[in-house]
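So you can see what is in the structure, the chains are spelled out below.
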Amino acid sequence: MRYFELINYGKEKLAAADIDTFSYDARELLLYASGMTTETLLSSVRDECPSETEEKYRLCIKRRSERYPLQYIMGYTYFMGYKMKVSPDVLIPRPETEEVVLAALKLTDKNNSLKALDLCTGSGCIGISLYLERLKQRKTTLLTMSDISENALLVAESNVDSLIGNIDKTLAFSENGEKSGKSDITLTASDLFDNISGKFDLIISNPPYIKTGDIESLMPEVADYEPRIALDGDVSNPDGVAFYKEIIRKAGEYLNDDGIICLEIGHDERDAVAGILVDNSFKDIKVSKDINGLDRIVTAGLNKHK
Ligand code: GLN
């Protein structure tokens, strides 16, 4: 088959599987299967596609029409402009989460060096992009990334290696001229704070926050294939906010006096999470909306006079 015929084949199959982004996905998967750039594909659409590529493409289309996420097929996604490896062991980073990082960057703008803890790091998208964005502004970050899942930590580690590992050869210099790089980063297997020690200026987290009963009503891509452990916010409570209770209750012990907490929340969890922050004497509690106009980002400061 020629390339354009294959794209049409892909589009048809994906549309039949009720995938809204059928056109985009069909093209992305052909780029992935062929290893071509968009430009090369555009100039070769009338050429015959090699049979191995065609076979690979048909398999990708089959998998995608089972609603297996595009990002898991390709093995990566982009977050804050960085190419992040993903696998079914980690949640696929969402654009909403970029805004959590942006909020944290703003709040820590004055800290030339920062000790930060990214709890439930998953792919590592939050911690890594925070580190790299601060580095662009010549600010250093001592970053601890933790997750209960060792398989998730392997993905995070691979992202640290590919995005930060070689950085000391390029642009990274801290205030005192010391090189920054991978040694600034610690990856820890930990159930929330269990294996965490020391104090931080920032605790940032996008913990699991979907109510168990709501998971089945999510898109099949999410409900059937993303890790339940990264989604389900119930644990033993029926309200979906169990992780916030645990994180906020203990955060005081792990934050410096002027420490900040920055959390992603479910769109209907604003009052519950703000209430938990109030109960634990946090101040300057601010809830902001995501790109879709939904409550998504909560920031607060530790009240040292509590
Ligand atoms: N921190 C990761 C993310 O934001 C993983 C979050 C999670 O697993 N709940 O994508």
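Nothing here was measured: the structure is a model prediction, and the numbers come from that model.

Analysis parameters
Residues numbered from 1 in each chain as written. Predicted model: local features only at pLDDT ≥ 70, side-chain atom pairs only at ≥ 80, totals over all residues. Heavy atoms only, no water. Pairing = 2+ DSSP bridges. Helix = DSSP H or I, 4+ residues; strand = E, 2+ residues; numbered from the N terminus. Axes fitted to C-alpha atoms, helices over the stretch in contact; angles between N-to-C directions. Contact = heavy atoms within 4.5 Å. Buried < 20%, exposed > 50% of the residue type's maximum accessible area, 1.4 Å probe, protein only. Near = heavy atom within 4 Å. Polar contact = N/O pair within 3.5 Å; in protein donor to acceptor, adjacent residues only side chain to side chain. Areas by Shrake-Rupley, 256 points an atom, 1.4 Å probe, with all protein chains shown as cover. 1 Å grid on protein atoms, 1.4 Å probe; cavity = no way out; pocket = protein on both sides within 12 Å on 5 of 7 lines; lining within 4 Å. Sits in = over half its atoms within 2 Å of the grid points. Points joined across faces, edges and corners; volume = space filled by probe spheres on them.

Student: How would you sum up the sheet that holds strand 3 (residues 113-119)? Please name residues and give values.
Tutor: Ordered in space as 5-4-3-6-7-9-8, the seven strands form an open sheet in which the pairing is mixed. The open sheet has two edge strands with one neighbour each: strand 5 (185-189) and strand 8 (282-289). Averaged over all pairs of adjacent strands, the angle between strand axes in this sheet comes to 15°, irrespective of strand direction. Here strand 7 (residues 255-264) pairs with strand 9 (residues 295-302) via five bridges, running antiparallel. Along strand 9, the bridge assignment pairs Glu264 with Ile297.

Student: How would you explain the side chain of Thr121 if you had to name every residue and give the values?
Tutor: Summarising the element assignment, Thr121 is placed in the loop between strand 3 and helix 7 (125-136). Apart from residues lying up to four places away in sequence, Thr121 is in contact with Met145, Ser146, Asp147, Leu153 and Ala156.

Student: Any chance you could break down the pairing of strand 6 (residues 200-205) for me, citing the residues and the numbers?
Tutor: The two faces of the sheet receive side chains in turn, since in a regular strand these alternate between them. In terms of burial, strand 6 is largely enclosed, as six of its six residues are buried. Pairing between strand 3 and strand 6: four bridges, direction parallel. For Ala116, the partnering residue across the bridge sits in strand 6 and is Leu202. Pairing analysis gives five bridges linking strand 6 to strand 7, with the strands arranged parallel. Across the sheet, residue Ile203 finds its bridge partner in strand 7, namely Ile261.

Student: Could you give an account of the pairing of strand 2 (residues 82-85), with specific residues and numbers?
Tutor: The side-chain alternation of strand 2 yields one buried face, formed by Tyr82 and Met84, and one unburied face, formed by Lys83 and Lys85. By the bridge criterion, four bridges tie strand 1 (residues 76-79) to strand 2 in an arrangement that is antiparallel. What sits directly across from Phe79, in strand 2, is Tyr82. Remark: two residues form the turn of the hairpin made by strand 1 and strand 2, two consecutive strands paired antiparallel; Met80 in that turn has positive phi of roughly 55°.

Student: Describe the site of the ligand, with residues and values.
Tutor: Residues in contact with the ligand, as listed here, are Leu91, Pro93, Thr97, Cys120, Thr121, Gly122, Cys125, Ile126, Asn206, Pro207, Pro208 and Ala230. Residue Thr121 places a main-chain N or O atom 3.3 Å away from a nitrogen atom belonging to the ligand. In the model, an oxygen atom of the ligand is placed 2.8 Å from a nitrogen or oxygen of the Asn206 side chain. Here the ligand, which alone exposes 300 Å², has 97% of that area covered by the protein. Using a 2 Å cut-off from the grid points, one finds that the ligand occupies the second largest pocket.

Student: Can you explain the layout of surface pockets? Please cite residues and give values.
Tutor: Any space left empty among the atoms is revealed by the rolling of a water-sized probe across them. In this structure, the largest pocket encloses a volume near 1,200 Å³. For the largest pocket, the lining is made up of 43 residues, of which Arg94, Glu96, Met219, Val222 and Glu226 are closest to its centre. Taken together, the elements giving at least two residues each to the lining of the largest pocket come down to helix 2 (22-34), helix 5 (70-74), strand 1, helix 6 (95-107), helix 10 (220-225) and helix 11 (228-231). Considering the residues around the second largest pocket, the lining is formed by 29 residues, among which Cys120, Thr121, Gly122, Asp147 and Ala230 are closest to the centre. Elements that contribute at least two residues to the lining of the second largest pocket include exactly helix 7, strand 4 (140-147) and helix 11.

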